[in-house]
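Letter by letter, the chains look like this.
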Amino acid sequence: MSSFAPTHLELPGWRHVYSGKVRDLYEPEDGRDDVVLVVASDRISAFDHVLATEIPDKGRVLTQLSLWWFERLGGIPNHVLAADAAGGVPAAVEGRAMICRRLVMYPIECIARGYLTGSGLIEYRDSRTVCALPLPEGLVDGSRLEPALFTPSAKAEVGEHDENITYDAVVMTVGDDAAAELRALTLDIYMRAEAIARERGIILADTKVEFGLDPSTGAITLGDEVLTPDSSRFWDAALYAPGQAQPSFDKQFVRDWLTSDASGWDRSAAPPALPDDVVERTRARYIEAYERLTGRTFA
Ligand code: ATP
Ligand code: MG
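Residues numbered from 1 in each chain as written. Chains lettered and ligands numbered in written order. Predicted model: local features only at pLDDT ≥ 70, side-chain atom pairs only at ≥ 80, totals over all residues. Heavy atoms only, no water.

Examining empty space enclosed by the protein
For the structure shown, the criterion picks out 2 cavities of 30 Å³ or more. Computed from the structure, the largest cavity encloses a volume of approximately 60 Å³. Along its surface, the largest cavity is lined by Arg 23, Val 38, Val 39, Ala 40, Leu 62, Thr 63, Ser 66, Arg 96, Ala 97, Met 98, Asp 224 and Glu 225. For the lining of the largest cavity, the secondary structure elements donating two or more residues are β3 (35-40), α1 (58-72) and β7 (97-101). When its residues are assigned to classes, the lining of the largest cavity shows 6 nonpolar, 2 polar and 4 charged. (1 Å grid on protein atoms, 1.4 Å probe; cavity = no way out; pocket = protein on both sides within 12 Å on 5 of 7 lines; lining within 4 Å. Points joined across faces, edges and corners; volume = space filled by probe spheres on them. Helix = DSSP H or I, 4+ residues; strand = E, 2+ residues; numbered from the N terminus. Nonpolar A, V, L, I, M, F, W, Y, C, P; charged D, E, K, R; others polar.)

The following block contains the structure:
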């Protein structure tokens, strides 16, 4: 779909190289090729469209929450080098940007699922499998999966939908050793984060992480964002009731509004601009996720 035309900031000392749905990437103008500036915008996507309306402070929430999680995932190499002006982040984007090791990203979305929902549920209803892994009969929307599953998908172009793939397809793309490590790291991250979130009354239903190879160390390194409402399904444990869709700490209000009669959206074109109350409630939801998980007040 071609409605995507993000605008990025001009940042002194940095050259823009790429914009994804949410993040803008820059490289140093001085020719250094081992670092990249990752700036989280306030853009929001839904149903594979980047929406025309931004959610104020969303970029800061994503970056601050990712940084909090990176710290808690000690032992797993990550790409963060600096995240403040003292470390070289341009003042215009301080708070929502990180200077990172430039990785050669694997073209795989590494997903771990501890609960059945979303695209996993659709595949399960069709074939009793998720990413071709067989599952028992009788599971419903929101059923717990024990142990959690590694359910990779292939990274799609902007506007396309990521596609679930088998573990064998990951092996074919990255080789045996890297595939095994990606799976082990992804499940380790999920299990550690699930336990931390649970202490805070939040169920981490599933999460997506992205890894790359750090050419300077040869290590498989965690990149991108981690364990944010954009990359993960967070559910309120107090409201958890399998057998139906669970309210989640993310784009719920946006999706609900877009699919309601009020939006008038028929999916054939780009979605309409969001009304102010949907923007405000979505902003509040992202901030609530940050505050509940970290125990900090969002400044
Ligand atoms: P896609 O990831 O397919 O571009 P997206 O819409 O999810 O789609 P964003 O998350 O907005 O993209 O953009 C972030 C991009 O930066 C991703 O392509 C991600 O793989 C890449 N990336 C993240 N961290 C690094 C890194 N340390 N080095 C190089 N690329 C990175
Ligand atoms: Mg992404």
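From this point, the discussion proceeds with the structure in view.
Things to note about the packing of helix α5 (residues 252-259) against helix α6 (residues 276-294)
Between α5 and α6, the shortest axis-to-axis distance is 8 Å and the interhelical angle comes to 150°. Considering their axes alone, α5 and α6 lie roughly antiparallel with respect to each other. Across from Phe 253, Val 254 and Trp 257 in α5, the residues of α6 making contact are Val 278, Arg 281, Thr 282 and Arg 285. Looking at the contact of α5 with α6 residue by residue, the classes come out as 4 nonpolar, 1 polar and 2 charged. (Axes fitted to C-alpha atoms, helices over the stretch in contact; angles between N-to-C directions. Parallel < 35°, antiparallel > 145°, perpendicular 65-115°, else oblique. Contact = heavy atoms within 4.5 Å.)

A word on the pairing of strand β18 (residues 232-236)
Extensive coverage of β18 is indicated by the burial of 4 of its 5 residues. Pairing analysis gives 5 bridges linking strand β15 (residues 202-209) to β18, with the strands arranged antiparallel. Counterpart to Ile 203 in the pairing with β18 is Trp 235. (Buried < 20%, exposed > 50% of the residue type's maximum accessible area, 1.4 Å probe, protein only. Pairing = 2+ DSSP bridges.)

Examining the sheet that holds strand β2 (residues 23-28)
Taken in spatial order, the 5 strands of this open sheet run β1-β2-β3-β7-β6, and their pairing is antiparallel. The strands lining the two open edges of the sheet, one partner per strand, are β1 (14-19) and β6 (80-82). The mean inter-strand angle of the sheet, taken between neighbouring strand axes irrespective of direction, is 40°. Alignment of β1 against β2, held across 5 bridges, turns out to be antiparallel. Of the residues in β2, the one forming a bridge with Ser 19 is Asp 24. Where α1 meets the sheet, it contacts β2, β3, β6 and β7, and its direction lies at approximately 45° from that of β7.

A word on the packing of α1 against helix α4 (residues 176-199)
Packing of α1 against α4 leaves a shortest axis separation of 11 Å and a crossing angle of 110°. As judged from the angle between their axes, α1 and α4 are roughly perpendicular. As α1 runs across α4, the sense of the crossing is right-handed. Only Arg 192, Ala 193 and Ile 196 of α4 make contact with α1, whose side of the interface consists of Trp 68, Trp 69 and Arg 72. For the contact of α1 with α4, the class distribution of residues is 4 nonpolar, no polar and 2 charged. (Left-handed = near helix turned anticlockwise from the far one by under 90°.)

Examining α5
Among the residues of α5, Val 254, Trp 257 and Leu 258 are the ones counted as buried. Around the axis of α5, the buried residues are gathered within 100° of arc, so they sit on the same side. Elements in contact with the buried residues of α5: β4 (45-46) and α6. (Arc of directions from axis to C-beta.)

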